[in-house]
Amino acid sequence: EDQVTQSPEALRLQEGESSSLNCSYTVSGLRGLFWYRQDPGKGPEFLFTLYSAGEEKEKERLKATLTKKESFLHITAPKPEDSATYLCAVQASSGNTPLVFGKGTRLSVIA
Amino acid sequence: KAGVTQTPRYLIKTRGQQVTLSCSPISGHRSVSWYQQTPGQGLQFLFEYFSETQRNKGNFPGRFSGRQFSNSRSEMNVSTLELGDSALYLCASSTNSQGAGNTIYFGEGSWLTVV
């Protein structure tokens, strides 16, 4: 069974304090790994898609990386507006399977 | 380009009633998926529709159903509501079926409270 585990569950950072969020996955062949950001009361907002180990993508203060077993979302010099829940999801390459989501990491950035 | 639109945004229903939620996908997207999000379980896949056909179904009871129209708009229905159905219901659309590896884009969700 495809599984996604995100850690930590919650993370509190001071403004400017860089850190990383982890997404460990077990999937029978990876078709894609997705990162989303979700603000309270809103739907998830797409951030990145990664397809193969070694791939990296960046957007502003965020950088996502992928290995064969996990993905990291690196946040460099975060600002209070980066506070949100970050969700990771995987899609298996076998069959017509939907995305499987982790439970997310709730990030709080304090000014 | 307009995003995924869900209506209504908030609703309160009584146990035993039924509810219908609506979703308009991004223009040109033919796949619509529905997810249930609760604090304890996270995002759980309900079903996916592509070109008016159900492509995939999650592990939910038959009280949860959906359909897709020829214009790609979708509705989901929950009958005989239970307290545990209280959740944020999210609709997502993509150009092709989820199985093709396409990115899915979410709407703002419909908050359902069952009392």
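Residues numbered from 1 in each chain as written. Chains lettered and ligands numbered in written order. Predicted model: local features only at pLDDT ≥ 70, side-chain atom pairs only at ≥ 80, totals over all residues. Heavy atoms only, no water.

S.K.: So what exactly am I meant to see when it comes to the overall build of chain A here?
M.R.: In terms of helices and strands, chain A carries zero helices and eleven strands. The order of helices and strands in chain A, counted from the N terminus, is β-β-β-β-β-β-β-β-β-β-β. The C-alpha radius of gyration of chain A comes to 14 Å, within 12% of the 13 Å expected for a compact globule of 111 residues. Judged by the C-alpha coordinates and their principal axes, chain A covers about 45 × 30 × 20 Å. Taking the intrachain contacts of chain A between residues at least 6 apart in sequence as the baseline, contacts between residues at least 24 apart amount to 55%. As displayed, chain A offers around 5400 Å² of accessible surface, 47% of which is attributable to carbon and sulfur atoms. Computed over 13 positive and 14 negative side-chain charges, the separation of the two mean positions in chain A equals 2 Å. (Helix = DSSP H or I, 4+ residues; strand = E, 2+ residues; numbered from the N terminus. Rg over C-alpha atoms; globule rule 2.2 N^0.38 Å. Contact = heavy atoms within 4.5 Å. Areas by Shrake-Rupley, 256 points an atom, 1.4 Å probe, with all protein chains shown as cover. Lys, Arg positive; Asp, Glu negative; His and termini not counted. Charge placed at Lys NZ, Arg CZ, Asp CG, Glu CD.)

S.K.: Just checking my understanding: could you explain the pairing of strand S8 (residues 70-75) of chain A for this structure?
M.R.: All names here are of chain A. On S8, burial follows the alternation: Ser71, Leu73 and Ile75 on one face are buried, whereas Glu70, Phe72 and His74 on the facing-out side are not. Relative to S8, strand S3 (residues 19-26) is paired through six bridges, and the arrangement is antiparallel. Along S8, the bridge assignment pairs Ser20 with His74. In the sheet, strand S7 (residues 62-66) pairs with S8 via five bridges, with the strands oriented antiparallel. (Buried < 20%, exposed > 50% of the residue type's maximum accessible area, 1.4 Å probe, protein only. Pairing = 2+ DSSP bridges.)

S.K.: Before we go on, may I ask you to explain the packing of aromatic side chains in this structure?
M.R.: Note on aromatic pairs: each is described by the distance of the centres and the angle between the planes. Counting across every chain of the model gives ten aromatic pairs over all chains. Note on Tyr36 of chain A and Phe101 of chain A: the rings are 5.8 Å apart at their centroids and 45° apart in plane angle, and the pair reads as tilted. Pair noted here: Tyr36 of chain A is in strand S4 (residues 30-38) and Phe101 of chain A is in strand S10 (residues 100-101), with a separation of 65 residues, a long-range link. For the pair Tyr36 of chain A and Phe101 of chain A, one class covers both residues: buried. An angle of 65° between the planes, with centres 5.2 Å apart, marks the rings of Phe60 of chain B and Phe64 of chain B as edge-to-face. A relative accessible area of 18% means that Phe60 of chain B is categorised as buried. Using a relative accessible area of 3% as the deciding quantity, one classes Phe64 of chain B as buried. (Phe/Tyr/Trp six-rings, centres within 6.5 Å; stacked < 30°, edge-to-face > 60°.)

S.K.: Would you take a moment to explain the pattern of salt bridges for this structure?
M.R.: Where charged atoms from two side chains of opposite charge approach closely, those side chains can pair. Considering all chains together, one arrives at eight salt bridges over all chains under this definition. Of the charged contacts in the structure, one is a salt bridge between Asp82 of chain A and Arg61 of chain A, with a shortest N-O distance of 2.8 Å. Of this pair, Asp82 of chain A sits in the loop between S8 and strand S9 (84-92) while Arg61 of chain A sits in the loop between strand S6 (56-59) and S7, and the two are 21 residues apart along the sequence. Overall, the relative accessible area of 6% leaves Asp82 of chain A in the buried class. Of the charged contacts in the structure, one is a salt bridge between Glu75 of chain B and Arg73 of chain B, with a shortest N-O distance of 3.5 Å. Look at Glu75 of chain B and you get buried, because its relative accessible area is 17%. Overlapping salt bridges, with partners in common, bring together Arg63, Glu82 and Asp85 of chain B in one network. (Salt bridge = Lys/Arg side-chain N within 4 Å of Asp/Glu carboxyl O.)

S.K.: What's the story with the sheet that holds S7 of chain A in this structure? I'm lost.
M.R.: In any sheet, the strands associate via hydrogen bonds between backbone groups, in a parallel or an antiparallel arrangement. Residues and elements named next belong to chain A. Spatially, S1-S3-S8-S7-S6 is the arrangement adopted by the five strands of the open sheet, whose pairing is antiparallel. The open sheet has two free edges, formed respectively by strand S1 (3-7) and S6, since each of these has just one partner strand. Neighbour-to-neighbour, the strand axes of the sheet open up by a mean angle of 15°, direction not taken into account. (Axes fitted to C-alpha atoms, helices over the stretch in contact; angles between N-to-C directions.)

S.K.: Help me understand the interface of chain B and chain A, please; the structure alone is not making it clear to me.
M.R.: Buried accessible area, meaning the area lost when the parts come together, often serves as the stated size of an interface. In this complex, chain B contributes 25 residues to the contact, which on the side of chain A involves 20 residues. Taken together, chain B and chain A are joined by zero salt bridges. At the junction of chain B with chain A, the criterion picks out six residue pairs in polar contact (both at pLDDT 80 or more). For the side of chain B that touches chain A, the leading source of residues is strand S5 (residues 42-50) of chain B, giving three residues. Partitioned by chemical class, the residues of the side of chain B that touches chain A number ten nonpolar, eleven polar and four charged. (Polar contact = N/O pair within 3.5 Å; in protein donor to acceptor, adjacent residues only side chain to side chain. Nonpolar A, V, L, I, M, F, W, Y, C, P; charged D, E, K, R; others polar.)

S.K.: How should I be thinking about the pairing of strand S5 (residues 45-50) of chain A in this particular structure?
M.R.: When a strand is regular, its side chains alternate between the sheet's two faces. The sheet contact formed by S4 of chain A and S5 of chain A spans five bridges and is antiparallel. Bridge pairing in S5 of chain A links Leu33 of chain A to Leu50 of chain A.

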